[in-house]
Amino acid sequence: MTLTLENITKTVGGETHIDDVSMTLEPGSFNVLLGRTLAGKTSLMRMMAGLEPPTSGRILVNNADVTGMAVQKRNVAMVYQQFINYPSMNVYDNIASPLKLQGVDKTEIEKRVRETAELMHIEHLLDRLPQELSGGQQQRTAMARAMVKDCTLLLLDEPLVNLDYKLREELREEIPNLLAKRDTIVVYATTEPMEALLLGGKCAVMHEGRVTQFGPTTEVYHNPAYVETGLIFSDPPINLLKAEVRDGALYLASGHQVSLSGHLADLGNGNYTVGVRANHLSVEQENAQCVAMQGQVELAEITGSETFVHVHFNDVSWVIQEEGVHNPRLGEATTFYLDPNRLFAYDADDRLVAAPPSEIQNGKAA
Amino acid sequence: MNKITNNKAWFLVLPVFFIVAISAIIPLMTVVNYSVQDIFDPQTRFFVGTEWFEQVLGDRRLHDALIRQIVYTMSVLLIEVPLGIAVALTLPRKGWGVSASMVLLALPLLIPWNVVGTIWQIFGRADIGLGGYVINMLGIDYNYSQNPMDAWVTVLVMDVWHWTSLIVLLCYAGLRSIPDAYYQAAKIDGASNWAVFRFIQLPKMQSVLVIGVLLRFMDSFMIYTEPFVLTGGGPGTATTFLSQFLVTIAVGQFDLGPAAAFSLIYFLIILLVCWVFYTVVMNAGKREEQ
């Protein structure tokens, strides 16, 4: 099945929740909806499912218009942020419930429930009630319920948000494998860039009700088309600074001068915004082209393998990702190095005009 | 290591102990005291053992009042609980209608019990009461002060009017606590309205319903004020429930001994039924879990 959204708009009480979204989801594809809270991810999913109609626009399945069709007739399944299971039914009956409603016969139900439960590693919990399970097991049950019925569209709305760290990692690794062999279209909403990258597939970045970019996840990550996309699809958000091109060089608002070479060679005169990811900044000078910058340490977040140092200069705050544990003194002046080869350049309308080649983004500086 | 004991805790518990003693234990002990003695005046009293209990338990009037009471309480529960659930399900979930219906529903609960009795006493009169007048206009011979059946139905309707709101409010609170995603999930599954009620709403309301049923059982089993004002227990003994009967013995005839014995039996019945109900419901919940 191919799902096509055509100019979908949703307004509720004069407020635009979804603003002119068009996209095509391929059969068997894994699609990540990445956006901050209130970006419209859930609204869009609800319309894909048919839980609510769009204010305008059309939804097509294999080129047939299904815009007004009720959700029961569409063969979709959805997993929510909360763990939604029928409270008075045990795990077996919960998983079986969509099949029972479809009128599948008993032996077939039994077979499929056991298969799905095994896939989700909850086969030993089939006679428990949801309230007797841990959060992770409850969400596994909810996912099994969604997967048991061979739906054509599977919607996962931030399914891992309410789980603790360890369980989240565990399930996050399993999900792409669980869904790989099916020709179901999967849509997975998340606020976390890292989750999107781990899940792979295609990624649609959402901002204020619009899909600002849609493409293979790594491609989107390497070429965030707008400043906002860069901020959303980057953790910590991409570091930004005003800049200007004149006399054949790029002048940063901090006063530093960068030569226009490599991917920056084609920039014409004018105002720009440059961006650089935290992991592309360094406290060591990695090559001769690197620009030394100074700032005051505002904060240091230590995660264990990495330290995120927040530095302040020229009225902006940047984050530098350093490997290992560092304990810079707050308020102290520090020097860090910016590699021009790793700069993203956005024009005056915040559109991407130059992105570093992906091998430079992936690897260490040349 | 020596265990350090801090006796301050006793000091903190003392006020509660004191209040409970005065409000519950001492009055209850007084009743126990009365129930085993025949008292003529403060100086003249005889210990009679279980005589009063035997007398009260063998009293036909008590048996009749007890049966009447059980039928009445059953009727109250059978009408108010399903009706309360039904009303709660139809209430609006958002918008101005929520506060409007909450206020309307809370109104009967705010009216003092004897006022409720007076309202219905006037409302049901055939000559000046709107309700009574209209029913008679429809060709039904209705007179709650002479026809036992009419009196009985009037008391029941009055209770339904007065207390169904309580069940509605409790159920509504239970329903409101169900996240919207449950309904969406059921919709995606294609579950019918009945299935949504049976497998989502009812299980989620279970705990508030237990409280509601217990409260309504206890209250209706002890009902006194409203029928006292409305019918005075009549005509004859048609609406003489246990409390009414108790007051007749204790205050009307001043038979303190039998009244005290009766009070204790009354108290034990309520305690026993509540305990059985609670245990059965909780065990049913546990059995489902296994």
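What counts as what
- Residues numbered from 1 in each chain as written.
- Chains lettered and ligands numbered in written order.
- Predicted model: local features only at pLDDT ≥ 70, side-chain atom pairs only at ≥ 80, totals over all residues.
- Heavy atoms only, no water.
- UniProt positions renumbered as here; feature names shortened; annotations may be inferred.
- Salt bridge = Lys/Arg side-chain N within 4 Å of Asp/Glu carboxyl O.
- Helix = DSSP H or I, 4+ residues; strand = E, 2+ residues; numbered from the N terminus.
- Buried < 20%, exposed > 50% of the residue type's maximum accessible area, 1.4 Å probe, protein only.
- Pairing = 2+ DSSP bridges.
- Axes fitted to C-alpha atoms, helices over the stretch in contact; angles between N-to-C directions.
- Phe/Tyr/Trp six-rings, centres within 6.5 Å; stacked < 30°, edge-to-face > 60°.
- Lys NZ or Arg CZ within 6 Å of the ring centre and 35° of its normal.
- Contact = heavy atoms within 4.5 Å.
- Buried area = accessible area lost by both parts, 1.4 Å probe.
- Polar contact = N/O pair within 3.5 Å; in protein donor to acceptor, adjacent residues only side chain to side chain.
- Nonpolar A, V, L, I, M, F, W, Y, C, P; charged D, E, K, R; others polar.
- Core = buried A, V, L, I, M, F, W, Y, C linked by side-chain atoms within 4.5 Å.

Taking an unreviewed UniProt entry as the reference, chain B is identified by name as Sugar ABC transporter permease belonging to Thalassospira lohafexi. Under the UniProt heading Sequence similarities (unreviewed entry), the entry covering chain B gives this text: "Belongs to the binding-protein-dependent transport system permease family." Taken from UniProt, the Subcellular location (unreviewed entry) comment for chain B reads in full: "Cell membrane".

K.L.:
What is the right way to look at the pattern of salt bridges in this model?
P.N.:
In the structure shown here, the tally under the stated rule is 24 salt bridges over all chains. Close ionic contact of A:Arg145 with B:Asp189 constitutes a salt bridge, the shortest N to O distance being 3.7 Å. Of this pair, A:Arg145 sits in helix H4 (residues 135-147) while B:Asp189 sits in helix H8 (residues 180-189), on two different chains. Owing to a relative accessible area of 8%, A:Arg145 belongs among the buried residues under this scheme.

K.L.:
Is there a simple way to think about the sheet that holds strand S16 (residues 291-302) of chain A in this case?
P.N.:
The strands making up a sheet are joined through hydrogen bonds of the backbone, oriented either antiparallel or parallel. All names here are of chain A. One open sheet holds the five strands; their spatial order is S15-S19-S16-S17-S18, and the pairing between them is antiparallel. The outermost strands of the open sheet, each flanked by one partner alone, are strand S15 (281-282) and strand S18 (316-323). Note that S16 and strand S17 (residues 306-313) share six bridges and pair antiparallel. Counted as the bridge partner of Leu-299 is His-310 from S17.

K.L.:
I would appreciate a short explanation of unusual backbone geometry in the present structure.
P.N.:
Among all residues except glycine, the phi angle is most often negative; among peptide bonds, the trans geometry is most common. Residues and elements named next belong to chain A. For the peptide bond that leads from Asp-235 to Pro-236, omega is 0°, which places it in the cis range. Position of Pro-236 relative to the elements: it lies in the loop between helix H8 (227-232) and strand S11 (239-246). Unusually for a residue other than glycine, Glu-208 sits at a positive phi of about 45°. Backbone geometry places Asn-314, a non-glycine residue, at a positive phi of 45°. For Asn-314, the location among the structural elements is in the loop between S17 and S18. Relative accessible area serves as the criterion here: at 43%, Asn-314 is assigned to the partly exposed category.

K.L.:
Where do I start with the sheet that holds strand S10 (residues 210-216) of chain A in this structure?
P.N.:
Residue and element names in this part refer to chain A. Taken in spatial order, the six strands line up as S6-S7-S8-S3-S9-S10 in an open sheet, and their pairing is mixed. Each edge of the open sheet is held by one strand with a lone partner, namely strand S6 (76-79) and S10. Neighbour-to-neighbour, the strand axes of the sheet open up by a mean angle of 15°, direction not taken into account. Bridge count for strand S9 (residues 202-207) against S10 is six bridges, and the pairing is antiparallel. Within the sheet, the bridge partner assigned to Val-205 lies in S10 and is Gln-213.

K.L.:
What should I look at first to understand the UniProt feature "transmembrane region" (unreviewed entry) in chain B in this one?
P.N.:
Residue and element names in this part refer to chain B. UniProt marks residues 12-36, 70-91, 103-123, 151-175 and 260-281 with the feature "transmembrane region" (unreviewed entry), using the numbering shown here. The span residues 103-123 shows a helical share of 90% and a strand share of 0%, and its end C-alpha atoms are spaced 22 Å apart. As annotated, residues 260-281 has a helix share of 100% and a strand share of 0%, and its two end C-alpha atoms lie 32 Å apart.

K.L.:
I would appreciate a short explanation of the pairing of S9(A) in the present structure.
P.N.:
On a regular strand, one side chain projects to one face of the sheet and the next to the other, so that they alternate. Residue and element names in this part refer to chain A. Within S9, five of the six residues are buried, which leaves it mostly tucked inside the rest of the structure. By the bridge criterion, five bridges tie strand S3 (residues 30-35) to S9 in an arrangement that is parallel. Counted as the bridge partner of Leu-34 is Val-205 from S9. Hairpin geometry of S9 and S10 is characterised by an intervening segment of two residues between the two adjacent antiparallel strands and by a positive phi of about 45° at Glu-208.

K.L.:
Would you explain the packing of aromatic side chains in this entry?
P.N.:
Centre-to-centre distance and the angle between the planes together describe a pair of aromatic rings. Inspection of the entire model under this criterion finds 16 aromatic pairs over all chains. Here the aromatic residues B:Phe217, B:Phe221, B:Phe245, B:Phe262 and B:Tyr266 are joined through ring pairs into a cluster of three or more. Here A:Arg246 stacks its cationic end above the ring of A:Tyr251, 4.2 Å away from the centre of that ring. Looking at A:Arg277, its charged tip hangs above the ring of A:Tyr221, at a distance of 3.8 Å from the centre.

K.L.:
Sorry, what's going on with the UniProt feature "domain: ABC transmembrane type-1" (unreviewed entry) in chain B here?
P.N.:
As recorded in UniProt, the sites labelled "domain: ABC transmembrane type-1" (unreviewed entry) are residues 66-277 of chain B. Structurally, residues 66-277 of chain B is divided into 78% helix and 0% strand, and its ends, taken at the C-alpha atoms, are 18 Å apart.

K.L.:
Explanation requested: the interface of chain A and chain B in the structure shown.
P.N.:
It is common to report an interface's size as the accessible area lost on association of the parts. Taken together, the contact between chain A and chain B spans 25 residues of the former and 18 residues of the latter. Interface of chain A and chain B: buried area, both sides summed, is about 1,900 Å²; carbon and sulfur atoms make up 60% of it. In this assembly, chain A and chain B are joined by one salt bridge. Our enumeration of links across chain A and chain B arrives at five residue pairs in polar contact (both at pLDDT 80 or more). Residue assignment for the side of chain A that touches chain B shows that the elements contributing at least two residues are S6 and helix H2 (91-102) of chain A. The class makeup of the residues in the side of chain A that touches chain B is 14 nonpolar, six polar and five charged.

K.L.:
In this structure, what is going on with the nonpolar core? I would like to understand it.
P.N.:
One recurring pattern in soluble globular proteins is that nonpolar side chains are buried together. By size, the foremost hydrophobic cluster in this structure holds 82 residues, and its most contacted members are A:Leu44, A:Met48 and A:Val187. The greatest single-element share of this core, amounting to twelve residues, is contributed by helix H9 (residues 193-221) of chain B. Here A:Val187 is in contact with A:Leu25, A:Asn31, A:Leu33, A:Met45, A:Met48, A:Leu153, A:Leu154, A:Leu155 and A:Leu156, once residues within four sequence places are set aside. Counting residues in each nonpolar core, the second largest holds 43 residues, with A:Leu99, A:Val148, A:Val220 and A:Ile232 among its members.

K.L.:
What am I meant to see in the pairing of S17(A) here?
P.N.:
Residues and elements named next belong to chain A. Burial analysis of S17 places six of its eight residues in the buried class, which makes it a mostly covered element. Between S16 and S17, which pair antiparallel and follow one another directly, the connecting turn spans three residues, one of which, Gly-304, has a positive phi of 120°. Bridge count for S17 against S18 is eight bridges, and the pairing is antiparallel. By the bridge assignment for S18, Thr-307 is matched with Glu-322.

K.L.:
Any chance you could explain H8(B) here in plain terms?
P.N.:
Since there are 3.6 residues in each turn of an α-helix, residues three or four apart along the chain are aligned in direction. Counting buried residues along H8(B), eight of its ten residues qualify, which places the element largely inside the surrounding structure. Those residues of H8(B) that fall on the buried side of the exposure criterion are B:Ala181, B:Tyr182, B:Tyr183, B:Gln184, B:Ala185, B:Ala186, B:Ile188 and B:Asp189. Where H8(B) is buried, its residues touch helix H1 (41-49), S6, H2 and H4 of chain A together with helix H7 (148-176) and H9 of chain B. Where H8(B) ends, the next residue or the one after it, B:Gly190, has phi of about 85°, a positive value.

K.L.:
Mind showing me how you'd approach the environment of A:Cys203 here?
P.N.:
Residues and elements named next belong to chain A. Structurally, Cys-203 is set in strand S9. Using a relative accessible area of 0% as the deciding quantity, one classes Cys-203 as buried. Considering only alpha carbons, one finds Cys-203 and Asp-315, 112 residues apart in sequence, at a separation of 33 Å. Apart from the residues lying within four places of it in its own chain, the contact partners of Cys-203 are Val-32, Leu-34, Gln-213, Phe-214, Gly-215, Pro-216, Thr-217, Val-220 and Phe-233.

K.L.:
Just to check I follow, could you spell out the environment of B:Gln146 for this structure?
P.N.:
All names here are of chain B. With respect to the helices and strands, the residue Gln-146 is situated in the loop between helix H6 (130-137) and H7. Given the relative accessible area of 62%, Gln-146 is considered exposed. Distance from Gln-146 to Gly-174, taken between C-alpha atoms, is 42 Å for residues 28 residues apart in sequence.

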